[in-house]
Amino acid sequence: MIYREAGDFKTSYRDDSQTFPIRLDRWGYYAILAVAFGIIPFVINDYWANAVLVPFLIYAIAAMGLNILTGYAGQVSLGTGGFMAVGAYAVYKLMTAFPDVSIAIHVLLAGLITAAVGVLFGLPSLRIKGFYLAVATLAAQFFLVWLFNKVPWFYNYSASGQITAPTRTVFDQAVTGPAASAPAKYLVCLVFAFALAWLARNLTRGSLGRKWMAIRDMDIAAEIIGVNPLRAKLSAFAVSSFFVGIAGALLFAVYLGAAEVGEAFGINKSFLVLFMIIIGGLGSIFGSFAGAAFLVLLPVLLKNTLVGTLGWPTDLAAHIELMIVGALIVTFLIVEPHGLARLWRLAKDKLRLWPFPH
Amino acid sequence: MNAMTQDGYVTADGRQIGPVVMELRNITLRFGGVVAIKDISFDIRQGEIRAIIGPNGAGKSSMLNVISGFYHPQDGQVIFKGQVRPAMKPYQVARLGIARTFQNIALFEGMSVLDNIMTGRLNKMKAGFLSQALWWGAAEREEIENRAAVERIIDFLEIQNIRKTPVGRLPYGLKKRVELARALAAEPNLLLLDEPMAGMNVEEKEDMSRFILSVNDEFGTTICLIEHDMGVVMDLSDRVVVMDYGKKIGDGTPSEVRSNQAVIDAYLGVAHD
Amino acid sequence: MDQFIFGMEVVMNGLMTGVMYALVALGFVLIFKASGVFNYAQGVMALFAALTLVGIQNGQVPFAHLINATFGTSLHHFGWTVPAVLAVALTALVMVLLAFLIEKLVLQHLVGQEPIILFMATIGLAYFLEGLGDVMWGADIKTLNVGLPQGISDGIEEVTATWFGYGFFIDRLDLWATLIAAMLVAALVAFAQYTKQGRAMRAVADDHQAAMSVGISLRFIWVMVWSIAGFVALVAGIMWGTKSGVQFSLSLIALKALPVLMLGGFTSIPGAIVGGLIIGVGEKLFEFTIGPMVGGATENWFAYVLALIFLVFRPQGLFGERIIERV
């Protein structure tokens, strides 16, 4: 009876186009923010940070990035892993070359560098469409991984070929390196995820977002009503890669601490992020978070039940996980191509009418 | 029809028609060996409703695609507002103030009616990237201004109640109307309508005719439309071009065209000896 | 002169790899033509087929790992071995069953969806099959031997030694693989051109509705095509499995068929063959000439980058028809 718009009149176009038009949604949103910023940092421990929250926030950023490109602008990319690698290696080079500059600036710069690389690999999208483009982005994936593997300059000629994040601080708190504490890691990722989500929401609600969606839904019609397809597509590649690059930088610097490119940023990473947006919902920022949460939590839950409770060997659990993820993807595409985001919306629509569904 | 002069003419119902806005001169369009349009010339004048009619496969849609810059003719010139228009990308043509609808509805199915119509105003939105990203200053102001303009069109076309409905869920007739709204949102100088009444029932056709006439009347928009339903066209339009097999076989007021022997032959068929 | 002869050897090897690419690419083309599905899982199907073949041959207990974990048993093998020919036949049966299940459980529910959705569904399918293969037969690297000859071909080494004064190093397995792949390609082309089912398949490829209206069963054609693709995957799995062991990377090698297709055009059988040869030779030559300068292993990406650059200039591929866009 509380969850409805009735009585919540909008008297200006500004109010009508706000992000959460329903009052209860707004309260829920503020409550989540209050918990995320005000409570979790004080109670978080290493297990929750490393197993769940930090990877969730980082993958949510990557998923938002891919969702901008695929869900909003309709360009499927299988190169996410490669672009995350660009972010990771960029932040590594910056961190080691300019140790006195703040890590936050390095991460942003890594995002910008990735955006430039993304534009470069996005250029063919003007000529190539659909799954031709999807396969073409595999070129980025394989080439970039190879590049970071073969050119020693990128990993500072380290003997192992790995990159290792040195300790860097924000407000005198270590956020990278072995000394970083769980709340510090969590807060850094949270701030980035929150700011980027806000950015993504703004970009998708305005004229740029409409250009992207127009290109996605019908590129020829979009061009005829005046959308420059090259600029629309390249801007999508740039913004998307910016997000993905930041995710890659955080994944390496804050979460993993050390990385080997083929292992950390291989093609499976591309698929993981793609699966997140399919399960979460294409063209939805909320869906990016939902999908990331789902696919971060699933292995943890499976591991806890199969290995922890049933006592199965870990490799078997990993294989079962592959099967479950694969089957879930197919099921979602068949049953609910718009993902968790749409299920959530349907639930809300039901709630709006409750208890008088007719 | 009263005497046609350089500056225009007065229609049967007393509207003043202005000078030539768009002139097509000796247009020839080929796809490989197939000639879709063969040496066609005609003009469109300020404020008039100009129709292109012809049987299926006459090359009407190709003609419209030439005007909207989607196809580039091999020969001939497109003269817009007195200047030869160079070969342009379709989005550049749109920025000249030429908007259109499509024969097979080309709406953005994943977006709401409101968002679809808002895309019509993309060329009027100039806020920079940063302003949009931060949703501050120009971006927000512009959004609200353009929203107001779009709402006027929504009122005009009487589609207030479906404003937030996803386009994919609308019935055919309403989709056509939303598409018209999107084209109108661009405030075009020249509005191209590709079979605006195809597949509609009588009532929907009447509605659509009414909207086309009032668009022309209230906004003074020049309209060029394609239709193969002769009856509707004759009532709506000021002047008609008739095409058959890629050639122009008639051009003039509805009554002139109706009495043209070549047109009668094309439509009713003619016995070949 | 030496460089030239080495180069020729490289080209020969490239051509033979190319035939294998062409074979896998053909599996893609068949499925794409008949059902409009771009089957990303083709590579994993090859892996799955190879795993199944090894499992059957060695008398492995399927799902042994799972059964053991659930019931605390310690099963692993039945204790018999199955002759190669019978094992291949059984595996082919499994692939047909798989095709049937894929049609029943996945494709049928996705009829009329956008191609990109179908494509993503096959990525999900690939994950599922990869997991299934591992759960059924275990994930350890296996050796596959169905009695194909291996080792350096002495005959060719001798002949070339007398011609050029340098004996070419060519693996007999590669020769056989090329031969079998070439025969299979020819057989498939003949099948598509001259048999009733082949014609029906081409009809479906042209227009689903029209084909159904003349009484062709769409489902039958789809099961048939996926079965053929499964069989092609089996052959490819045998070849590559024999050469470098049955392991996950096998499915990635098969992914090379994707750039082959982009080069050749998704609907063209000759395109798949020529594209395969170009990429096979191209990547070997590139690795031979440029590879040493940039650290090697360029085969990982060369095919994709080549296809990407090529497509920018000719989006419809080598043999595809020029696309006229309509509104």
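These numbers were taken from a predicted model, which means no experiment stands behind them.

Colleague: Tell me about the overall build of chain A, residues and numbers included.
Modeller: Scanning chain A from terminus to terminus reveals 15 helices and four strands. Over its C-alpha trace chain A gives a radius of gyration of 21 Å, about what one expects of a compact globule, namely 21 Å for 358 residues. Overall, chain A is about 70 × 50 × 45 Å in size when its C-alpha atoms are taken along their principal axes. By residue count, 51% of the 358 residues in chain A fall in the buried class.

Colleague: Account for the overall build of chain C, naming residues and giving values.
Modeller: The secondary structure content of chain C amounts to 15 helices and zero strands. At 21 Å, chain C has a C-alpha radius of gyration in line with the 20 Å of a compact globule built from 327 residues. Each of the three principal axes of chain C carries a C-alpha extent, and together these read 65 × 60 × 40 Å. For chain C, buried positions account for 48% of its 327 residues. Looking at chain C alone, contacts between residues at least 24 apart form 73% of all its contacts between residues at least 6 apart.

Colleague: How would you explain the sheet that holds strand β5 (residues 49-53) of chain B if you had to name every residue and give the values?
Modeller: Hydrogen bonding along the main chain pairs the strands of a sheet, whether they run parallel or antiparallel. Residue and element names in this part refer to chain B. On the basis of which strands lie adjacent, the open sheet formed by six strands has the order β8-β9-β10-β5-β11-β12 and mixed pairing. The open sheet has two edge strands with one neighbour each: β8 (98-100) and β12 (247-252). Direction aside, the axes of adjacent strands within the sheet are offset by 20 degrees on average. Note that strand β11 (residues 239-244) and β12 share five bridges and pair antiparallel. Bridge assignment links V241 to a residue of β12, and that residue is D251.

Colleague: Break down the interface of chain C and chain A for me, citing the residues and quoting the values.
Modeller: Facing 40 residues of chain C, the contacting portion of chain A comprises 37 residues. Those elements that provide at least two residues to the side of chain C that touches chain A are α3 (64-71), α5 (115-137), α12 (257-264) and α15 (302-313) of chain C.

Colleague: Quick rundown of the pairing of β11 of chain B? Include the residues and the values.
Modeller: Residues and elements named next belong to chain B. Along β11, five of the six residues are buried, which leaves the element largely enclosed by surrounding structure. Relative to β11, β5 runs parallel, the two sharing four bridges. By the bridge assignment, R50 is partnered in β11 with R239. The hairpin formed by β11 and β12 contains two residues between the paired strands, and Y245 there has a positive phi angle of roughly 45 degrees.

Colleague: Lay out the environment of F131 of chain A with the relevant residues and their values.
Modeller: Here F131 of chain A shows up in helix α6 (residues 130-150). For the pair F131 of chain A and S270 of chain A, spaced 139 residues apart in the sequence, the C-alpha separation amounts to 15 Å. Apart from residues no more than four positions distant in its own chain, F131 of chain A is found in contact with V76 of chain A together with F38, P115, I116 and F119 of chain C.

Colleague: I'd love a proper account of the UniProt feature "transmembrane region" (unreviewed entry) in chain A, names of residues and values included.
Modeller: All names here are of chain A. The positions that UniProt labels "transmembrane region" (unreviewed entry) are, in the present scheme, residues 27-44, 50-69, 76-95, 101-123, 130-148, 236-259, 271-296 and 316-335. End-to-end, the C-alpha atoms of residues 236-259 are 28 Å apart, and along that stretch the chain is 88% helix and 8% strand. The distance separating the terminal C-alpha atoms of residues 316-335 is 28 Å; by composition the span is 100% helix and 0% strand.

Colleague: Which residues make up the pairing of strand β6 (residues 75-80) of chain B, and what values do they have?
Modeller: Side chains on a regular strand alternate between the two faces of the sheet. Residue and element names in this part refer to chain B. As paired strands, strand β3 (residues 20-31) and β6 are joined by five bridges and run antiparallel to one another. Note on β6: the bridge partner recorded for E23 is I79. In the sheet, β6 pairs with strand β7 (residues 83-84) via two bridges, with the strands oriented antiparallel. Note on β7: the bridge partner recorded for F80 is Q83. A loop of two residues connects β6 with β7, the two strands running antiparallel in sequence, and K81 in this loop sits at a positive phi of about 50 degrees.

Colleague: Account for the interface of chain A and chain B, with residues named and values stated.
Modeller: Put simply, an interface is often sized by how much accessible area is lost when its parts join up. Contacts between the two partners involve 24 residues from chain A and, on the opposite side, 33 residues from chain B. Elements with a contribution of two residues or more to the side of chain A that touches chain B: α1 (13-16), α7 (182-205), α8 (207-217) and α9 (219-224) of chain A. A total of eight residues in the side of chain A that touches chain B trace back to one element, the largest contributor, which is α8 of chain A. For the side of chain A that touches chain B, a count of residues per class yields eleven nonpolar, seven polar and six charged.

Colleague: Go over the environment of I105 of chain B with me, naming the residues and quoting the values.
Modeller: Residue and element names in this part refer to chain B. Within the fold, I105 resides in the loop between β8 and α3 (113-119). You can call I105 partly exposed: it has 19 C-beta atoms within 10 Å. Spatially, the C-alpha atom of I105 lies 9.5 Å from that of D194, the residues being 89 residues apart in sequence. With sequence-adjacent residues up to four places away left out, I105 is seen in contact with K175, K176 and E179.

Colleague: How would you sum up helix α3 (residues 46-72) of chain A? Please name residues and give values.
Modeller: Residues and elements named next belong to chain A. The axis of α3 is deflected most strongly, by about 35 degrees, at L53, and proline P55 appears within four residues downstream. With respect to burial, α3 is a largely interior element, 20 of its 27 residues being buried. In the stretch just after α3, G74 is the one whose phi turns positive, near 75 degrees.

Colleague: Any details on unusual backbone geometry? Residues and values, ideally.
Modeller: At N156 of chain A, a residue that is not glycine, the phi angle is positive and equals roughly 50 degrees. With respect to the helices, strands and loops of the structure, N156 of chain A is situated in the loop between α6 and β1 (163-164). Looking at N156 of chain A, the number of C-beta atoms within 10 Å reads 12, which means it is exposed. The backbone of W135 of chain B shows a phi angle near 50 degrees, a positive value even though the residue is not glycine. Along the chain, the position of W135 of chain B falls in the loop between α4 (129-134) and α5 (138-156).

Colleague: Talk me through the confidence of the model for chain C; I want residue IDs and the actual numbers.
Modeller: Detailed reading of the predicted coordinates is not advisable wherever pLDDT is low. Summarising the model, chain C shows a mean pLDDT of 80, and 92% of its residues fall at 70 or more. For this predicted complex, the interface confidence reaches an ipTM of 0.87, while the overall pTM sits at 0.88.

Colleague: Go over the environment of S102 of chain A with me, naming the residues and quoting the values.
Modeller: Topologically, S102 of chain A is positioned in the loop between α4 (80-97) and α5 (103-122). Separated by 39 residues in sequence, S102 of chain A and Q141 of chain A place their C-alpha atoms 29 Å apart.

Colleague: Now, about the nonpolar core: what can you tell me, with residues and values included?
Modeller: Counting residues in hydrophobic clusters, the biggest one holds 303 residues, and the most contacted among them are I61 and L250 of chain A together with A22 of chain C. Tallying contributions element by element places helix α10 (residues 229-256) of chain A first for this core, with 17 residues. Apart from the residues lying within four places of it in its own chain, the contact partners of A22 of chain C are A181, V185, V260, A272, I273, G276 and L277 of chain C.

Colleague: How would you summarise α6 of chain A if you had to cite specific residues and measurements?
Modeller: Taking 1.5 Å of rise per residue, the 21 residues of α6 of chain A would be expected to cover 30 Å, and the 31 Å separating its terminal C-alpha atoms lies within 8% of that figure. In terms of burial, α6 of chain A is largely enclosed, as 17 of its 21 residues are buried.

Colleague: Talk me through the sheet that holds β3 of chain B; I want residue IDs and the actual numbers.
Modeller: Residue and element names in this part refer to chain B. Reading across from one edge, β4-β3-β6-β7 is the order of the four strands in this open sheet, with antiparallel pairing throughout. Whereas interior strands pair on both sides, the edge strands pair on one side only; in this sheet they are β4 (34-45) and β7. Two strands pair when backbone bridges link them, and β3 and β4 are joined in this way by eight bridges, in the antiparallel orientation. Within β4, the position partnered with M22 by the bridge is I44.

Colleague: Explain the packing of helix α2 (residues 42-57) of chain C against helix α10 (residues 218-244) of chain C to me, using residue names and the numbers behind them.
Modeller: Between two packed helices, what matters for the description is the angle formed by their axes and the separation of those axes. All names here are of chain C. It is at 7 Å that the axes of α2 and α10 come closest, and there the two elements cross at 65 degrees. In terms of orientation, α2 lies roughly perpendicular with respect to α10. Once α2 is placed against α10, the crossing between them reads as right-handed. Contact residues: α2 offers Q42, M45, A46, L47, A49, A50 and L53, while α10 offers A229, G230, A233, L234, A236, G237, I238 and G241. Residue classes in the contact of α2 with α10 are distributed as eleven nonpolar, four polar and no charged.

Colleague: Quick rundown of the packing of helix α7 (residues 172-194) of chain C against α10 of chain C? Include the residues and the values.
Modeller: Residues and elements named next belong to chain C. Contact geometry of α7 with α10 gives a least axis separation of 10 Å together with a crossing angle of 175 degrees. It follows from the interaxial angle that α7 and α10 lie roughly antiparallel. Contacts between α7 and α10 involve L173, A177, I180 and L184 from the first element and V232, V235, M239, T242 and K243 from the second. Each residue belonging to the contact of α7 with α10 can be placed in one class, and the counts come to seven nonpolar, one polar and one charged.

Procedures and definitions
- Residues numbered from 1 in each chain as written.
- Chains lettered and ligands numbered in written order.
- Predicted model: local features only at pLDDT ≥ 70, side-chain atom pairs only at ≥ 80, totals over all residues.
- Helix = DSSP H or I, 4+ residues; strand = E, 2+ residues; numbered from the N terminus.
- Rg over C-alpha atoms; globule rule 2.2 N^0.38 Å.
- Buried ≥ 20, exposed ≤ 12 C-beta atoms within 10 Å, placed from the backbone.
- Contact = placed C-beta atoms within 7 Å.
- Pairing = 2+ DSSP bridges.
- Axes fitted to C-alpha atoms, helices over the stretch in contact; angles between N-to-C directions.
- UniProt positions renumbered as here; feature names shortened; annotations may be inferred.
- Nonpolar A, V, L, I, M, F, W, Y, C, P; charged D, E, K, R; others polar.
- Bend = angle between axes of the 7 residues up to and from the residue.
- pLDDT = per-residue confidence, 0-100.
- Core = buried A, V, L, I, M, F, W, Y, C linked by C-beta atoms within 7 Å.
- Expected span 1.5 Å × (residues − 1).
- Parallel < 35°, antiparallel > 145°, perpendicular 65-115°, else oblique.
- Left-handed = near helix turned anticlockwise from the far one by under 90°.

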